[in-house]
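These are the residues of each chain, in order.
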Amino acid sequence: MRLSQYFLPTLREDPAEAEVISHKLMLRAGLIRKVASGIYTYLPLGLRALRKVENIVREEMDRIGAQEVLLPLVQPAELWQETGRWEKYGKELLRFKDRKEHDFCLGPTHEEVITDLVRGEVRSYRDLPLILYQIAPKFRDEIRPRFGVMRAREFIMKDAYSFDADEAGLFQTYQRVYEAYERIFSRCGLKFKAVLADTGAIGGSESHEFMVLAETGEDRLAICSACGYAANVELAEVKAVYSYPEETERPLEKVSTPGVRSVEEVSSFLGVSPSRLVKTLLYLADGEPVAVLVRGDYELNEIKLAKVLGAQGLKMADAETVKRLTGAPVGFAGPVGLSVKRILADFSVRGLKNFVTGANQADVHYINVNYGRDFPEPGFYDLRTAEEGDPCPRCGRPLSLTRGIEVGHVFKLGTQYSATMGATFSDREGKERPFVMGCYGIGISRTVAAAIEQNHDSAGIIFPEEIAPFKALLLTLGKEPALMEASEKIYQTLTQAGVETLWDDRDERPGVKFKDADLIGLPYQLIVGKKFLETGQVEVKRRASGERQVLAPSEVVSYLGGKGP
RNA sequence: CGGGACGUAGCGCAGCCUGGCAGCGCACCCGCUUGGGGUGUGGGGGGUCGGCGGUUCAAAUCCGCCCGUCCCGACCA
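Basis of the calculations
Residues numbered from 1 in each chain as written. Chains lettered and ligands numbered in written order. Predicted model: local features only at pLDDT ≥ 70, side-chain atom pairs only at ≥ 80, totals over all residues. Heavy atoms only, no water. Helix = DSSP H or I, 4+ residues; strand = E, 2+ residues; numbered from the N terminus. Buried < 20%, exposed > 50% of the residue type's maximum accessible area, 1.4 Å probe, protein only. Contact = heavy atoms within 4.5 Å. Areas by Shrake-Rupley, 256 points an atom, 1.4 Å probe, with all protein chains shown as cover. Pairing = 2+ DSSP bridges. Axes fitted to C-alpha atoms, helices over the stretch in contact; angles between N-to-C directions. Phe/Tyr/Trp six-rings, centres within 6.5 Å; stacked < 30°, edge-to-face > 60°. Lys NZ or Arg CZ within 6 Å of the ring centre and 35° of its normal. Polar contact = N/O pair within 3.5 Å; in protein donor to acceptor, adjacent residues only side chain to side chain. 1 Å grid on protein atoms, 1.4 Å probe; cavity = no way out; pocket = protein on both sides within 12 Å on 5 of 7 lines; lining within 4 Å. Points joined across faces, edges and corners; volume = space filled by probe spheres on them. Nonpolar A, V, L, I, M, F, W, Y, C, P; charged D, E, K, R; others polar. Core = buried A, V, L, I, M, F, W, Y, C linked by side-chain atoms within 4.5 Å. Salt bridge = Lys/Arg side-chain N within 4 Å of Asp/Glu carboxyl O.

**Overview of the overall build of chain A**
- The helix and strand tally for chain A stands at 15 helices and 31 strands.
- Reported as C-alpha extents along the three principal axes, the dimensions of chain A are approximately 95 × 70 × 50 Å.
- Counting the 565 residues in chain A, one finds 52% classified as buried.
- In chain A, the share of contacts with a sequence separation of at least 24, taken over all contacts with a separation of at least 6, comes to 68%.
- Here chain A has roughly 25600 Å² of accessible surface; of this, 50% comes from carbon and sulfur atoms.

Written out as structure tokens, the structure reads:
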């Protein structure tokens with residue numbers, strides 16, 4: 001492709017709307033343009049990168065025997081009503097009516113559609129296992145789209161669904177997909193980690209997330225370098241043992257703490273370490289009030305809490321509810337005399353004596369609080385978020401925390417969709433059984449963004465070779481006929497040899513061409529300029545290392561791995 | 001949805017407080033110049049100042065409502 005005719009609008013300056021690096025670079029390098037919040041157009045260069053990722057995914061999915069289909073983006077309400085998700089899914093599901101006033105939605109995921117397809121067509125255990133996948137747009141009306149295509153409302157996803165006869169089959173299929181994912185992200189040139197994950201809204205029994213390691217990632221990961229345990233912190237079990245020195249219980253006492261609410265404030269006001277504070281958090285679990293006690297220096301994990309409570313919907317009590325339950329404004333809740341029926345505590349509170357809590361009264365805290373004496377002993381559970389240095393739940397060595405971008409997610413679904421939708425097959429004995437399902441996603445557009453987040457420098461993108469839109473950029477520096485002729489010849493030769501080459505044949509100064517070259521980040525830059533006129537040699541610069549070497553034009557093709565004539 | 005910021009040429013911004021000719025840089029078009037890291041120079045085109053309403057002799061500027069965008073928190077590939 002000749003750059004003089006290629007639709008590649010690059011920007012000199014960072015667009016004001018972009019905050020994270022991948023977003024800035026994708027806009028500046030002419031990969032994407034925004035149409036509305038969370039909705040993007042892919043320009044030719046961006047689309048090529050997207051297609052590279054898609055093709056890797058396609059090859060690896062096909063390799064494990066998965067078959068590609070294309071499911072509709074627009075889906076009828078009836079299917080969603082069958083599984084109950086029409087009501088449960090929430091506002092991310094964009095609903096609308098057609099001209100006949102029938103309800104439809106834009107597909108945020110496709111379990112219903114695929115299960116509907118398979119229940120109609122697959123009758124026998126002989127046809128199993130079956131893995132179907134698609135690479136297609138999804139729409140999720142995210143509350144807050146951000147970071148460009150990293151968290152967009154419309155995005156490209158590969159979603160796969162597996163159907164097995166039994167749990168053992170699902171186990172094997174899950175394993176095969178898991179391994180395919182490892183190959184996919186390795187081939188994309190990414191540093192990633194598969195971690196244990198929560199199953200969230202999709203549901204299911206076991207799940208792993210594939211995380212691209214990056215500082216800007218929205219997820220926190222707990223990793224054990226000793227035994228290889230890796231989990232999203234939202235899930236990571238805390239097995240810490242808390243040993244508190246023996247203390248005699250001192251008399252309960254009220255202290256005046258005017259306007260002092262947060263753990264930090266109380267801690268510095270009373271001159272007591274946050275670990276001697278117990279915060280009382282009020283939640284509504286399916287509408288029922290619950291109080292949760294967590295040591296002041298730890299963070300409550302809402303996912304763990306929801307699981308312990310078996311609650312579908314869990315939300316923090318709003319200021320009014322807090323006032324109603326405690327009789328005090330937010331910031332002064334405590335377990336002593338609290339009229340909430342259910343009180344839970346994190347293990348970190350067990351054994352703690354003479355701690356500080358709110359007194360359910362404005363501007364007052366209690367000191368020397370002891371459970372069992374001042375309020376009934378609560379049930380103790382693992383309710384806090386894992387922290388750096390907590391013992392690994394598997395081997396006990398200290399965990400380290402890092403950040404990641406979720407690019408893939410695999411779930412064991414079991415029979416929850418097939419059973420509710422009546423998707424069954426005949427087993428060997430002729431008995432009807434529900435399919436045992438799995439589902440497997442990859443954010444294609446997010447993978448491109450994550451790759452850029454992980455591979456860039458101050459000058460621009462450094463595309464990993466496998467997903468680069470082109471392999472090489474040929475830069476012609478100058479207008480002399482000899483340069484243009486030689487460049488043309490190199491360009492033709494490379495193209496014919498199957499080396500995807502973009503030729504910067506524009507009438508621009510060298511500086512402009514170099515800046516754009518580094519910005520768009522193709523792996524190789526082939527420079528034909530003054531030195532070529534002097535020596536007849538082409539200078540090859542690797543974008544990643546900056547390493548340069550000179551080659552005769554005839555050597556360039558084989559250097560870049562082109563096919564011979 | 002709560003909290004914060006912003007909306008002026010394609011992009012990045014100034015002007016607004018204190019109402020009075022709509023500006024700067026980049027990009028774009030024409031000329032000359034230059035030609036290995038965003039060359040220099042001369043000329044030129046491009047604006048419902050987010051929208052609607054109000055105040056005023058006069059509104060980008062003051063007031064009200066609305067829309068949009070971005071950032072921070074609860075969702076997810």
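**Some remarks on the sheet that holds strand β30 (residues 538-542)**
- As summarised here, the arrangement of the five strands in space is β28-β27-β29-β30-β31, forming an open sheet in which the pairing is mixed. The sheet is open, and its two borders are formed by β28 (501-504) and β31 (548-551), each paired with just one other strand. Sheet twist, expressed as the mean angle between neighbouring strand axes with direction ignored, is 25°.
- Strand direction decides the pairing type here: β30 and β31, joined by four bridges, are antiparallel. By the bridge assignment, Lys541 is partnered in β31 with Arg548.
- Sitting on the sheet, helix α13 (residues 510-520) is in contact with β27 (472-476), β28, β29 (524-528) and β30, with an inclination near 175° to β27.

**Notes on the packing of aromatic side chains**
- In total, this model carries 16 aromatic pairs according to the counting rule given.
- Here Phe185 and Phe192 contribute two aromatic rings whose centre-to-centre distance is 5.8 Å and whose plane-to-plane angle is 55°, an arrangement assigned as tilted.
- We classify Phe185 as buried; its relative accessible area is 0%.
- A cation over an aromatic ring shows up here: Lys412 above the ring of Tyr174, its NZ or CZ 4.9 Å from the ring centre.

**Considerations on helix α8 (residues 302-309)**
- Taken together, the buried positions of α8 are occupied by Lys304, Leu305, Ala306 and Leu309.
- Residues of α8 that are buried in the fold lie against β14 (278-285), β15 (288-295), β16 (314-316) and β17 (342-346).
- One side-chain oxygen of the residue at the start of α8 lies 2.9 Å from the amide nitrogen of Ile303, identifying that residue as Asn301.
- Once α8 ends, the next one or two residues include Gly310, with phi positive near 65°.

**Quick look at the layout of surface pockets**
- If you add up the space inside the second largest pocket, you get close to 410 Å³.
- If you trace the second largest pocket, you find 21 residues lining it, with Arg261, Lys279, Thr280, Leu281 and Gly331 closest to the centre.
- Secondary structure elements with two or more residues in the lining of the second largest pocket: α7 (263-270), β14 and β18 (355-358).
- At five residues, the largest contribution of residues to the lining of the second largest pocket is made by β14.
- In terms of residue class, the lining of the second largest pocket is built from 13 nonpolar, six polar and two charged.

**So, the nonpolar core**
- With 67 residues, the main nonpolar core has Leu31 and Tyr181 as its most contacted residues.
- Broken down by element, the residue count for this core peaks at eight residues, all from helix α6 (residues 167-187).
- If near-sequence neighbours (up to four positions away) are discounted, Tyr181 is found in contact with Met61, Lys158, Phe210, Gly408, His409, Val410, Tyr440, Gly441 and Ile442.
- By size, the runner-up hydrophobic cluster in this structure holds 27 residues, among which are Ala231, Val238, Ala311 and Leu344.

**Notes on the pattern of salt bridges**
- Enumeration over the complete set of coordinates arrives at 46 salt bridges.
- Across the salt bridge formed by Glu299 and Arg220, the nearest N and O atoms sit 3.3 Å from each other. One end of the pair, Glu299, is in the loop between β15 and α8; the other, Arg220, is in strand β11 (residues 219-223), with 79 residues separating them in the sequence.
- Note on Arg220: relative accessible area 27%, which makes it partly exposed.
- In this structure, Arg276 and Glu247 form a salt bridge, with 3.3 Å as the shortest nitrogen-oxygen distance. With Arg276 in the loop between α7 and β14 and Glu247 in the loop between β12 (230-232) and β13 (253-256), this residue pair connects regions lying 29 residues apart in the sequence.

**Thoughts on the sheet that holds strand β5 (residues 95-97)**
- The sheet built from three strands is open, its strands ordered β4-β6-β5 with antiparallel pairing. The open sheet is flanked by β4 (74-76) and β5, the only strands paired with a single partner. Taken pair by pair, the neighbouring strands of this sheet meet at an average axis angle of 40°, ignoring direction.
- As defined by bridge partners, β5 adjoins strand β6 (residues 103-106) across three bridges and the pair is classed as antiparallel. Within the sheet, the bridge partner assigned to Arg95 lies in β6 and is Cys105.

**Quick look at the pairing of β15**
- For β15, a buried count of six out of eight residues is recorded, marking the element as mostly surrounded by other parts of the structure.
- Relative to β15, β14 runs antiparallel, the two sharing eight bridges. Counterpart to Lys279 in the pairing with β15 is Val294.
- Remark: two residues form the turn of the hairpin made by β14 and β15, two consecutive strands paired antiparallel; Asp286 in that turn has positive phi of roughly 50°.

**Comments concerning the pairing of strand β19 (residues 364-369)**
- Counting buried positions along β19 gives five out of six residues, so the element sits mostly inside the fold.
- Judged from the four bridges that link them, β13 and β19 form a sheet pairing that is antiparallel. Looking at the pairing, Ser256 lines up with Val364 of β19.
- Of the pairings in the sheet, the one linking β18 to β19 comprises three bridges and is antiparallel in character. When the sheet's bridge partners are listed, Thr357 is paired in β19 with Tyr366.
- Linking β18 to β19, which pair antiparallel, is a turn of five residues; within it Asn360 sits at a positive phi near 55°.

**Considerations on the environment of Leu79**
- Locating Leu79 in the fold gives a position in helix α3 (residues 77-83).
- Overall, Leu79 belongs to the buried group, its relative accessible area being 11%.
- Separated by 25 residues in the primary sequence, Leu79 and Phe104 place their C-alpha atoms 9.7 Å from one another.
- Those residues in contact with Leu79 that sit more than four places away from it in its chain are Glu112, Val113, Asp116, Arg119 and Met421.

None of this, on its own, says anything about what the molecule does.
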